[in-house]
Amino acid sequence: MDMNMRVKAVVDLGAIRDNMISMKKNMHENARMAAVIKTDAYGHGAVQVAGALEDLPFLWGYCVATFEEAQELRQSGIKKPILILGYTFPYCYAQLVEEEIRPVVFRKDTLKELDETAARMGRNLAIHVALDTGMSRIGVKPDDSGIDFMKAALACKNLTVEGIFTHFARADEESGRDATQRQFDLFASFNKRVEEELGYHIPIQDCSNSAGIITYPQYNEDMARAGITMYGLWPSDEVSRDIVALKPAMSIYSHIAYIKEIDAGTPVSYGGTFTAPQKMTIATIPVGYGDGYPRSLSNKGNVLIHGKRAHIVGRVCMDQFMVSLEGIPEAKEGDLVTIMGRDGDETISAEDIGRLSGRFNYEFVCDLSEKRVPREYIR
Ligand SMILES: *Cc1c(COP(=O)(O)O)cnc(C)c1O
């Protein structure tokens, strides 16, 4: 490892690929996969992750959250379908048509504008419909008003309803079984109504997220949308670790910037929230909340140095924090610091960081600064 670097995140693209293959083994043979790579692939790098997955035969395409995320993928040469999971604002409709980026639709005004845009361009645009079965976030209702919306969508000459999806609110909770079943039943019966009453079979029907892929393979339908598990992280502590084998893809490293001894009674960092109870050796780590390392790890978090745990003392600053070197007398300035990942027999997971910081693993990886934490890719 380059001793000159302040901080970096190493992303194992091979692990991401293996995680996808491992999840696919828990799905029925015909179910395809969509890789959810919103928020720059949960901080792992959307272009690199998409590039590493593009040739997987069971991969239908990618899901992102915004038009700009979709466009970045197209500009990088990604050819498979891209679906925008949230509301897409009208300023980019012509580019959606141009670049064959699928929007999710659930408002009638969107249908009209998209249809007119595609008509003007003499093209057809594939769309997916969002069905709200229990998130109360986006989506048409699985009742007569939803059927009415589907009718309007099918009447748009320049739009093709390629897919319909719903999103599970509680698939990652043991107590969420009934709620998840209810959501699935609403989804399946709505799609059946579309078939019977409107005579249209929606080609891609999908409802599973990561937790669904692991816990409810019977609900996978035509496709599943894999997010957090693709990165080797877990949707929650309540999802079984025994069904699908996953390997965390990201590790974060730094180096010790400075080591000093402090006397008993010496305060450490802003506010003096930690005071040395005895003479101590303290290392300064050149990483902070400006990099996305949670300030709430102040006096709580830890890092690995020489395979041993070094605990944070005092507040995490914007660019630096301090750890106690108790039990690690061999530590020197310039030594490797593992902020997330494995060192010897010890590991710090995104889940550990999420729990200790009072946030959660998804948030930690998404918040890692793109500008300040360079990503390095291995296969
Ligand atoms: C983010 C998102 C996903 C992926 O969720 P994970 O829990 O990371 O698997 C799937 N579907 C929709 C609609 C989403 O917004």
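For the structure itself, consult the block above.
None of these values were measured; they are calculated from a predicted model.

About the criteria used
Residues numbered from 1 in each chain as written. Predicted model: local features only at pLDDT ≥ 70, side-chain atom pairs only at ≥ 80, totals over all residues. Heavy atoms only, no water. Core = buried A, V, L, I, M, F, W, Y, C linked by side-chain atoms within 4.5 Å. Buried < 20%, exposed > 50% of the residue type's maximum accessible area, 1.4 Å probe, protein only. Domains from an automatic or database assignment. Contact = heavy atoms within 4.5 Å. Phe/Tyr/Trp six-rings, centres within 6.5 Å; stacked < 30°, edge-to-face > 60°. Helix = DSSP H or I, 4+ residues; strand = E, 2+ residues; numbered from the N terminus. Arc of directions from axis to C-beta. Near = heavy atom within 4 Å. Polar contact = N/O pair within 3.5 Å; in protein donor to acceptor, adjacent residues only side chain to side chain.

## What to know about the nonpolar core
Ranked by size, the top nonpolar core spans 118 residues in total, and within it Met20, Ile37, Tyr293, Ile305 and Val323 carry the most contacts. No fewer than three residues from each of domain 1 (13-231) and domain 2 (250-378) sit in this core. For Val323, the residues in contact, after removing those within four places along its chain, are Thr281, Ile282, Ala283, Ile285, Val303, Ile305, Ala310, His311, Ile312 and Val313.

## Some thoughts on the packing of aromatic side chains
Centre-to-centre distance and the angle between the planes together describe a pair of aromatic rings. Applying the stated criterion to the full structure yields 10 aromatic pairs. On the numbers, 4.7 Å between centres and 10° between planes, the contact of Phe360 with Tyr362 is stacked. A relative accessible area of 42% places Phe360 in the partly exposed class. Taken together, Tyr42, Tyr231, Phe360 and Tyr362 form an aromatic cluster joined through their ring pairs.

## As for helix α10 (residues 350-357)
Residues of α10 that are buried include every one of Ala350, Glu351, Ile353, Gly354 and Ser357, and no others. Here the buried residues of α10 occupy an arc of 165° about the axis, which is enough to place them on one side. Where α10 is buried, its residues touch β18 (336-343), β19 (346-348) and α11 (361-367). Where α10 terminates, the next one or two residues include Gly358, which has phi positive at roughly 75°.

## A closer look at the side chain of Asp206
For Asp206, the location among the structural elements is in strand β8 (residues 204-208). Sequence-distant contacts of Asp206, defined by excluding residues within four places in its chain, comprise Ile164, Phe165, Thr166, Phe187, Met223 and Arg225.

## Comments concerning unusual backbone geometry
Unlike most non-glycine residues, Thr39 shows phi in positive territory, near 45°. Structurally, Thr39 is set in helix α2 (residues 38-42). Of note, His306 is a non-glycine position whose phi angle comes to about 50°, a positive value. Within the element layout of this structure, His306 appears in the loop between β15 (302-305) and β16 (308-313). Under the relative-accessibility criterion, His306 is labelled partly exposed at 38%.

## Details of the site of the ligand
Around the ligand, a shell composed of 13 residues is seen, among which Lys38, Tyr42, Ser210, Ile228 and Tyr362 lie nearest. Within the side chain of Arg137, one N or O atom sits 3.3 Å away from an oxygen atom of the ligand. For the ligand, a nitrogen atom lies 2.8 Å from a polar atom in the side chain of Arg225.

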